[in-house]
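# Coordinate inspection notes
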Amino acid sequence: MNNKGILYSAISATIVAIAGVLWLNQDITAKTNDSVGGIISQEIVKLGDENPTFDYWGKNFPDYLDMHTAVEKQTPNATEFGGNLAYSKLIRYPQLTVLWAGYPFSIDANEERGHFWVQVDQMDTARNNKDFLNAHGFTGFGGQPTACMNCHSGWTPWLLNNTAKGDWVAFNSAKYWTMVKTIPAVNGAKENSPEHSGPHGGKRMGVTCADCHNPTDMSLRLTRPALIKALISRGYEADEKQGIKASRSEMRTLVCSQCHVEYYFKPTGTKVKTIGESIANDSSKKWWNGTQKTYDEFDSWRDGNKPVEIEVDGIELAFPWSEWKKGEPFRIEMIDDYYEKNRENFPSDWVHKITKAPMIKIQHPESELYSGGVHAANGISCADCHMPYIRKGAKKVTNHNITSPLVDINSACKTCHTQSESYLAKQVKDIQNSVAHDLRTAEYSLVSLIKDIETIRAELGKMPKFQTDGKADDAKISTELKEVLELHRKSQIRADFVGAENSTGFHNPREASRMLLQSVDMSRQGQTKLAEIAAKNGIKDFKTSNLGFEDIQKLNPGEIHYKVDLNGNKAGDRYYKHQEVNGNPPAKLLEDDKNLKPYNYKVID
């Protein structure tokens, strides 16, 4: 071959090599953009927000679908401070029936079962059953709003954009059971069939892929307006694709913050037009107490009932975060400051049945507590621990069976920690035992305070200056007890914060213990002030209470049963149809609790 031929051959080989590299790079890029954590999309269906169900999205990502739905087939298992066995928290922690007196949680609160079950459990709970609650003493309960669906239903963005026509306030302000009826039948399900009412894409579907992933490239996104609004109030910038501007590492925490937060239903002070039900005009449809039904506590349209437009007081799901600025660790005093500044518009979640204090019910504030912990300080995201990378064949993937890091310490913890699995497990348990001791101390102190307030209220009510027309005047008595009632409110915010947060303080044990020490101090201050009020008003022989484990156990409410014939059930029937829900906790857990307060180191250690 002459020199020219050799040159042409070399050039041709170079062009082929470059083309090959470009093709390979394009292929890798395409696969990377269409994959999640190492799993390539099967590209069987075109993803979009019109069908957000995990059964549909799972056609492209079957490995992730298997992980997400694995809990459905798993035997429920309880751990010391969690697990997915839905036993009654009120049976394990009877003090909660007193702490939440007058609020629906005092009658029904079970251990959480995880993301797959959240909508099933929300639709089944007695807290979402107006007839049941009204018949069991909660006469003021008017039914849960759709705002509750923001965290429980993967259909929320679809419902907001379609049923509510994009009106955020109208969406939140509708009745829960009304909005549920409008969920469409997809994936071959027939309208109002068992499949349409089920957890696989139907009305009982919980968290799904679309809640956190963009259908175009599976990148992380925020789909819940409440979080986006709250983050902007803290100093974040809005972003059309992601919701807010944040790095991928930040997003691996923020997608969880769409629900794992403290929240409340903020009154807008305006009327809003939203979806209602024609049953309100059917005089033959009555609630248990004989009043007119305004909606049907059922998940489908039936008996001629149909959607209508109604006007109601507007509410929106809101996070109390404006005092918590971007880049700062959360502090419990920020909650105090926020609710105090907004007290005129939102004075309380409920008024305590025994003390008459205006109370705030804290929900699952994992994001807030975690923000000031050592893991957050070191850039560790929620997903790093609760959705660690695992091996699936030859692929490295993110585990979408979202659970406690203790289930797989090797994957969740040992990517950073060098100690043995047994050492790390013991460290976690030691931290949680310490915080649990502090929490029980705070809760028992609160119940003692509540009992003492009840005693003093009764004594003051016997005095003419605290009466109106010969009867005890609650308003006059509350004025006399104003400082004590504020201490009750703030003390309980702190105990409830740690109790509602699902890590038993592990996300930030220092802050959790600081809150609980404040709680105990406030409760004891309240008791001291009660003694002063008793002396001032001539109440003799008043002694402050100091209840312990055995005293608390006498408050055990047992499983939920019907007190009256209701909706086809007889008085005495068990409320929950499934025995694994609302039952007794394992005996070992009660034994552990007994040794935590007072702290029996011989057993606990």
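Relevant structure appears above.
This text gives an overview of the structure that appears in the document. (Residues numbered from 1 in each chain as written. Predicted model: local features only at pLDDT ≥ 70, side-chain atom pairs only at ≥ 80, totals over all residues. Heavy atoms only, no water.)

### Comments concerning the packing of aromatic side chains
Going through the model one piece at a time under the given rule, you end up with 23 aromatic pairs. On the numbers, 5.9 Å between centres and 45° between planes, the contact of Phe54 with Phe116 is tilted. Of this pair, Phe54 sits in helix H2 (residues 54-57) while Phe116 sits in the loop between helix H6 (95-99) and helix H7 (118-124), and the two are 62 residues apart along the sequence. Of the two residues, Phe54 and Phe116, both sit in the buried class. Summarising the aromatic geometry, the rings of Phe61 and Tyr64 are spaced 6.4 Å apart at their centres and angled 70° between planes, so their arrangement reads as edge-to-face. Accessibility expressed as a relative area gives 4% for Phe61, which makes it buried. Given the relative accessible area of 6%, Tyr64 is considered buried. Above the face of the Trp117 ring, Arg113 is positioned so that its terminal group lies 4.2 Å from the ring centre. Over the face of the ring belonging to Phe105 we find Arg127, whose NZ or CZ atom lies 3.9 Å from the ring centre. (Phe/Tyr/Trp six-rings, centres within 6.5 Å; stacked < 30°, edge-to-face > 60°. Helix = DSSP H or I, 4+ residues; strand = E, 2+ residues; numbered from the N terminus. Buried < 20%, exposed > 50% of the residue type's maximum accessible area, 1.4 Å probe, protein only. Lys NZ or Arg CZ within 6 Å of the ring centre and 35° of its normal.)

### Things to note about the environment of Ser249
Within the secondary structure layout, Ser249 lies in helix H14 (residues 248-254). Residues Ser249 and Gly379 lie 130 residues apart in sequence; the distance between their C-alpha atoms is 7.9 Å.

### A few points about the environment of Lys570
Tracing the sequence through the fold places Lys570 in the loop between helix H24 (549-553) and helix H25 (587-596). Given the relative accessible area of 53%, Lys570 is considered exposed. Note: C-alpha distance between Lys570 and Asn378 (192 residues apart in sequence) is 56 Å.

### Quick look at unusual backbone geometry
Residues other than glycine predominantly adopt negative phi, and peptide bonds predominantly adopt the trans conformation. Of note, the amide linkage connecting Lys597 to Pro598 takes the cis form, showing an omega dihedral of 0°. Looking at the secondary structure, you find Pro598 in the loop between H25 and helix H26 (601-604). The phi angle at Lys356 is positive, at roughly 70°, despite the residue not being glycine. Mapped onto the elements, Lys356 comes out in the loop between strand S9 (350-351) and strand S10 (358-359). In this structure, Asn582 is a non-glycine residue whose phi angle is positive, near 70°. Tracing the backbone through its elements, the reader meets Asn582 in the loop between H24 and H25.

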